[in-house]
Amino acid sequence: MPSLLFFSLWGFEGPLAMALETAGRGGFDGVELNIHHPSLVGDPDGRARLLESGRPLVLEVVTGGDYVPELAVTPAQHLAELGTQLNRCSELHPHRVTVLTGSDAWPLERQRVFLAEAQALAAASGLPVSFETHRSRCLGMPWTIAPLLEAVPGLRLTADLSHWCVVAERLMTPDLEPVQAMADRVDHIHARVGHAQGPQVSHPFAPEHAEALAAHLACWQLFAERAVNRGAPPPSFTPEFGPDGYLPTLPFTNQPVADLLTINTAMTRWLRSQPIAGNSDKLCSS
């Protein structure tokens, strides 16, 4: 079964119909967007438009105020927001829901209890839910993920290793214990390439970033191999190079050094060509 590749609406400012057209032209299988994305919220026919498109959908749920959670938001408030947003997601029949929740500012034991409660909500929703390894969240620290996963056996993951590169100030590679610990839990991958000092290289195919690209690919291949070995579908991918300080800009002009749509489209085409290490099948179909 080929991996599905999704067009991220992070930073996309056009209407939903244009986003779907852009995804089709770029060779993406579906779209990924925040449940509160303006293109969806501002379109009275958004739900029908997404369903009628026939494209698979990944929805993103964020609790605690924004992508960086407010420190004053309690675990109970995070859980209440999560439950409400999962109910909204059900109406759109998503292929997957990826969740950013909790806070890395909490003590580890509080995070453990919270993730167990969050996973119970996810299971009760009946949706395919995975929790993202995002900075500032419970799973944003590579060195503490193993005990959290051991404590919550049913927890599934959206892997975004670019965040861990920044937190650990090193590239993530398959030999590292956190990567091995998560390998059997990954159902979805945000295919952005980070480096030791930031969550996004200027361009993934620039020769100066070859080492970073190879490190990420090796981890993604590990996740795909583990899925195939256990008889599961390979992870889906969202090339997720984005704005908001992630994409470097030129000084004084604030002009981006590359075009995000061009990068994400190129990453999609490249991913389709990559073999699983040790397996003659392709990671993604061509």
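Read on for an overview of the structure. No experiment lies behind these values; they were computed from the predicted model shown.

Another aspect to go through is the sheet that holds strand 6 (residues 157-159). An order of 1-2-3-4-5-6-7-8 is seen for the 8 strands of this open sheet, with the pairing classed as parallel. Strands with a single pairing partner mark the edges of an open sheet, and in this sheet they are strand 1 (6-8) and strand 8 (236-238). Recorded for the sheet is a direction-independent mean angle of 30° between the axes of neighbouring strands.

With that settled, consider helix 9 (residues 210-229). Since the α-helix advances by 3.6 residues per turn, residues separated by three or four positions end up pointing in the same direction. Between the first and last C-alpha of helix 9 there are 28 Å, a value that for 20 residues agrees with the 28 Å anticipated at 1.5 Å per step. Those residues of helix 9 that sit buried are Ala212, Leu213, Ala215, His216, Leu217, Cys219, Trp220, Gln221, Leu222, Phe223, Ala224 and Ala227. Positive phi shows up at Gly231, right after helix 9, with a value of about 80°.

Moving on to the pairing of strand 3 (residues 57-62). In terms of burial, strand 3 is largely enclosed, as 6 of its 6 residues are buried. Alternating residues of strand 3 divide into Leu57, Leu59 and Val61 and Val58, Glu60 and Val62, and every residue in both groups is buried. In this structure, strand 2 (residues 30-34) lies alongside strand 3, joined through 4 bridges in parallel fashion. In the sheet register, Glu32 faces strand 3, and the bridge partner there is Val58. Of the strand pairs in this sheet, strand 3 and strand 4 (residues 96-100) are connected by 5 bridges, and their pairing is parallel. Each bridged residue has a counterpart across the sheet, and for Glu60 the counterpart in strand 4 is Thr98. For the crossover that starts at strand 3, traverses helix 4 (residues 75-90) and ends in the parallel strand 4, the hand is right-handed.

Applying the stated criterion to the full structure yields 10 salt bridges. A salt bridge links Asp187 to Arg96, with the shortest nitrogen-to-oxygen separation between them at 3.8 Å. On the criterion of sequence distance, the pair formed by Asp187 in strand 7 (residues 186-190) and Arg96 in strand 4 is long-range, its members being 91 residues apart. For the pair shown, Asp187 and Arg96 are each scored as buried. Ionic pairing is found between Arg230 and Asp184, a salt bridge with its closest N-O pair at 3.7 Å. Highlighted residues: Arg230 in the loop between helix 9 and strand 8 and Asp184 in the loop between helix 8 (177-182) and strand 7, separated in sequence by 46 residues. Using a relative accessible area of 35% as the deciding quantity, one classes Arg230 as partly exposed.

Criteria and cut-off values
- Residues numbered from 1 in each chain as written.
- Predicted model: local features only at pLDDT ≥ 70, side-chain atom pairs only at ≥ 80, totals over all residues.
- Heavy atoms only, no water.
- Pairing = 2+ DSSP bridges.
- Helix = DSSP H or I, 4+ residues; strand = E, 2+ residues; numbered from the N terminus.
- Axes fitted to C-alpha atoms, helices over the stretch in contact; angles between N-to-C directions.
- Expected span 1.5 Å × (residues − 1).
- Buried < 20%, exposed > 50% of the residue type's maximum accessible area, 1.4 Å probe, protein only.
- Right-handed = clockwise from strand over helix to strand, strands pointing away.
- Salt bridge = Lys/Arg side-chain N within 4 Å of Asp/Glu carboxyl O.

What is shown is where atoms sit, not what they do.
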